[in-house]
Amino acid sequence: MSNLRLKILQSLLRVEEGSYSNLLLNSELKKIKDQRDKSLFTEIFYGVIRNKLYLDFIIDNYSKTPLVKMDKEVLMGLRIGVYQLFFLDKVPARAAIYESVEAVKTILPNSKKGAVSFTNGVLRNINRQHDKLALPAKAKNPEKYLSVKYSYPIWMVNKFVQQYGFESAETILNAGNKRSEVTYRHNSLKMTEKEFFQLLKADGIEYEKTFLDSFFRLKKINNPAATQVFKKGGAYIQGTSAGLASLLLDVKEGMQVLDLAAAPGGKTTHLAEIMNNTGEITALDISQHRLNLVSDNLSRLGVTNVNLKIADAAKYEDDKKYDRILADLPCSGLGLISSKPEIKWEKDRSVIRKMADLQYRILNNNLSKLKKNGQLLYSTCTLTREENQDLIERILQENSDFKLMDLNIKLNEISSLTIENKNKYLELLPGEVDSEGFFFALLKKVESD
Ligand SMILES: C[S@@+](CC[C@H](N)C(=O)[O-])C[C@H]1O[C@@H](n2cnc3c(N)ncnc32)[C@H](O)[C@@H]1O
């Protein structure tokens, strides 16, 4: 078991250095045989990433040494220990402390014995005074209170409170801390729905329906990319909110479609499925490595109508005119925190400006490629006005030949989602919908140029 805490400690340090949590977790879980160890690994690994600020608040309260002066291995070991003491009823306090200290001892050189006894001392102290911890006063500093309680950087809390008010911000922060469940999109290009269900049953996978007919939420699954249905191309792992994009764009068989930022190919392959592999999808991405992921997905899912191109969409040139454009653009990702909790810590406020600028340049460069009456769906997995509403308003102001379409009627036709929405665009907030945060706006070209 101490080996497990050590592996968690090593993995968390790698996430701090920039590794993707989901990829790292998948590869670590493959090396663990015992089912309970897999679950404990996942719980502590994601728990520490999610609650980092809260755990640091606790450690800082009980340690005389400031956090910045601690070795990174010690600080991470403390977080692992405190997470178990505060969040995991099933792990006895003695075991939580012992295993965490052992992990720190193994990872540190012998010369750092003092740091090991320091870790032990701080954890014992926290365990003794567990009940005395006080959060920042809600009345005095509501945003600091939210930041510590839900463990989010203060700039993100300020942003959500400023845009949505205290109550909705709290709902969003809370939802971002719940572990997102895996959703499969059934891919009808490879198998019928009947075969899809048969394979799920054969693998003993339980599922439930979602607000989209072909999306199913999986129960208790550790490696969704290792099932028969996945390997045979009958399923793509995709969030339900993301699944709305290709449906809202209203593509038809035989159309010419431009996908401006395609990798890893979730929406491209969904569009291809709806178009029944007819017409053509020109799919761009700036990254060759990520385009390789699209290629793999195209072959696994039996998609044959996609032309992949490596390109910077902000500079891409093409004489062709398209019936539809999907602009699912790079963004700050604040709607995806439940599945990628490290987003909390990797970004700072400046990412919003940078992304809004890139999104503007990409849209501006491609609007002219749309045919008359053609439609462009803009989507992001984020929740900042600058990247969403403000950007679309600017585009509409500068391009009088484009009109904003009302997405509410289409939403009712394609999903069972019921949300109160007075706007023509669609904003899905985590906690208000049982899915990731997303923004959609549909633009129609109303005059020919
Ligand atoms: C939100 S992801 C797209 C997700 C994809 N549509 C899907 O459904 O699987 C954004 C993608 O934009 C790509 N990207 C970033 N900057 C770009 C640019 N200037 N031109 C084209 N692609 C870009 C990234 O490599 C990334 O794959």
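Every chain begins its residue count from 1, and numbering advances along the sequence as written. Reporting of local features is limited, given that this is a predicted model, to residues whose pLDDT is at least 70; pairs of side-chain atoms are given and counted only at 80 or more, and all residues count toward the totals for whole chains, interfaces and linings. Excluded from the side-chain calculation are hydrogens and water; included are all heavy atoms of the structure.

## A word on the environment of Glu346
- Here a helix means four or more residues in a row that DSSP labels H or I, a strand means two or more in a row labelled E, and each is numbered from the N terminus. Take Glu346: it is sitting in helix H15 (residues 343-346).
- The sequence separation of Glu346 and Val15 amounts to 331 residues, and the corresponding C-alpha distance is 10.0 Å.

## Focus on unusual backbone geometry
- Cis rather than trans, the peptide bond between Ala263 and Pro264 has omega equal to 5°.
- Tracing the backbone shows Pro264 in the loop between strand E5 (256-259) and helix H13 (266-274).
- For Asn277, which is not glycine, the phi torsion reads 60° and is therefore positive.
- By the element assignment, Asn277 lies in the loop between H13 and strand E6 (280-285).
- The phi dihedral of Asn373 is positive, around 70°, even though this residue is not glycine.

## Observations regarding helix H9 (residues 154-176)
- Take the number of residues in a helix, subtract one, and multiply by 1.5 Å to get its expected span. With 23 residues, H9 extends just 15 Å between its outermost C-alpha atoms, more than 12% less than the 33 Å of an ideal straight helix rising 1.5 Å per residue.
- The angle between axes fitted to the seven residues ending at a residue and the seven residues starting there is what we call the bend at that residue. Of all the bends in H9, the largest measures some 120° and sits at Gly165.

## Here we look at the packing of helix H2 (residues 21-31) against helix H3 (residues 35-50)
- Relative to each other, H2 and H3 sit at 160°, their axes nearing to 11 Å. Judged by the inter-axis angle, H2 sits roughly antiparallel to H3. The chirality of how H2 crosses H3 is right-handed. Two secondary-structure elements touch here, H2 through Ser21, Asn22, Leu24, Leu25, Glu28 and Leu29 and H3 through Lys38, Phe41, Thr42, Phe45, Tyr46 and Ile49. For helices, the axis comes from a line fit to the C-alpha atoms of the stretch in contact; other axes are also lines fit to C-alpha atoms, and the angle between any two N-to-C directions lies between 0 and 180 degrees. Should an angle lie under 35 degrees it is considered roughly parallel, over 145 roughly antiparallel, and from 65 to 115 roughly perpendicular; all remaining angles are considered oblique. Crossing handedness: left-handed means the near helix sits turned counterclockwise from the far one by under a right angle, and right-handed means the same turn made clockwise. Residues are treated as being in contact if the distance between any of their heavy atoms lies within 4.5 Å.

## Description of the sheet that holds strand E1 (residues 183-186)
- Pairing in this open sheet of four strands is antiparallel, and the strands run E2-E3-E1-E4 from one edge to the other. Each having just a single partner strand, strand E2 (206-209) and strand E4 (235-237) make up the two edges of the open sheet. Shown here is a sheet whose adjacent strand axes are inclined to one another by a mean of 40°, direction ignored.
- Strand pairing is assigned whenever DSSP detects at least two bridges linking the two strands. Pairing of E1 with E4 involves three bridges; the strand directions are antiparallel. Among the inter-strand pairings, Tyr184 is bridged to a residue of E4, identified as Ile237.
- The strands touched by H13 within the sheet are E1, strand E3 (215-219) and E4, with E1 carrying the most contacts at an inclination of about 30°.

## Details of the nonpolar core
- By size, the foremost hydrophobic cluster in this structure holds 61 residues, and its most contacted members are Phe160, Leu244, Leu248, Leu377, Leu428 and Phe440.
- The biggest single contributor to this core is H9, with nine residues.
- Setting aside its immediate chain neighbours within four residues, Leu244 contacts Phe211, Leu212, Leu411, Ile414, Ser415, Leu417, Leu428 and Phe440.
- Residues enter a nonpolar core if they are buried and are Ala, Val, Leu, Ile, Met, Phe, Trp, Tyr or Cys, with the set joined through side-chain atoms within 4.5 Å. Whether a residue is buried, partly exposed or exposed follows from its accessible area with a 1.4 Å probe, protein chains only, as a fraction of its type maximum: under 20%, in between, or over 50%, in that order. Leu24, Phe45, Leu55 and Val91 belong to the second-largest nonpolar core, a separate cluster that totals 50 residues.

## Remarks on the site of the ligand
- Around the ligand sit 19 residues in total, of which Asp285, Arg290, Asp312, Ala313 and Asp328 are the nearest.
- Each polar contact in these results corresponds to two N or O atoms within 3.5 Å; when the atoms are within protein, one needs to be able to donate a hydrogen and the other to accept it, and residues that are neighboring in sequence are counted only if both atoms are side-chain atoms. A distance of 2.8 Å separates a nitrogen atom of the ligand from a polar atom in the backbone of Ala313.
- Breaking the shell around the ligand down by element, the ones donating at least two residues are H13 and helix H16 (350-366).
- Across the shell around the ligand, the residue classes break down as twelve nonpolar, two polar and five charged. Nearness is judged by heavy atoms alone; a residue qualifies as near a molecule or strand once a single heavy atom is within 4 Å of it. By the convention adopted, Pro, Cys, Tyr, Trp, Phe, Met, Ile, Leu, Val and Ala count as nonpolar, Lys, Arg, Asp and Glu as charged, and the other residues, Gly among them, as polar.

## Points about the domain arrangement of the protein chain
- Throughout the structure description, domain borders are defined by an automatic or database domain assignment. By domain assignment, the protein chain separates into domain 1 (2-132), domain 2 (142-175), domain 3 (183-237) and domain 4 (240-445).
- Placing the centre of domain 3 and that of domain 4 at their C-alpha centroids yields a distance of 24 Å.
- Contact residues are listed per partner, giving 18 residues for domain 3 and 26 residues for domain 4.
- We define buried area as the total accessible area lost by two parts upon association, computed with a 1.4 Å probe and summed across both. For the pairing of domain 3 and domain 4, the buried interface totals around 1700 Å² over both sides, and the portion due to carbon and sulfur atoms is 58%.

## A few points about the UniProt feature "domain: SAM-dependent MTase RsmB/NOP-type" (unreviewed entry) in the protein chain
- UniProt marks residues 172-446 with the feature "domain: SAM-dependent MTase RsmB/NOP-type" (unreviewed entry), using the numbering shown here.
- Annotation note: span residues 172-446, helix share 32%, strand share 23%, distance between end C-alpha atoms 36 Å. UniProt positions are given in the numbering used here, feature names are shortened, and annotations may be inferred rather than shown by experiment.

## Quick word on the side chain of Ser338
- Along the chain, Ser338 turns up in the loop between strand E8 (322-328) and H15.
- Judged by its relative accessible area of 16%, Ser338 falls in the buried class.
- Apart from residues lying up to four places away in sequence, Ser338 is in contact with Arg50, Ala175, Gly176, Lys178, Arg179 and Ser180.

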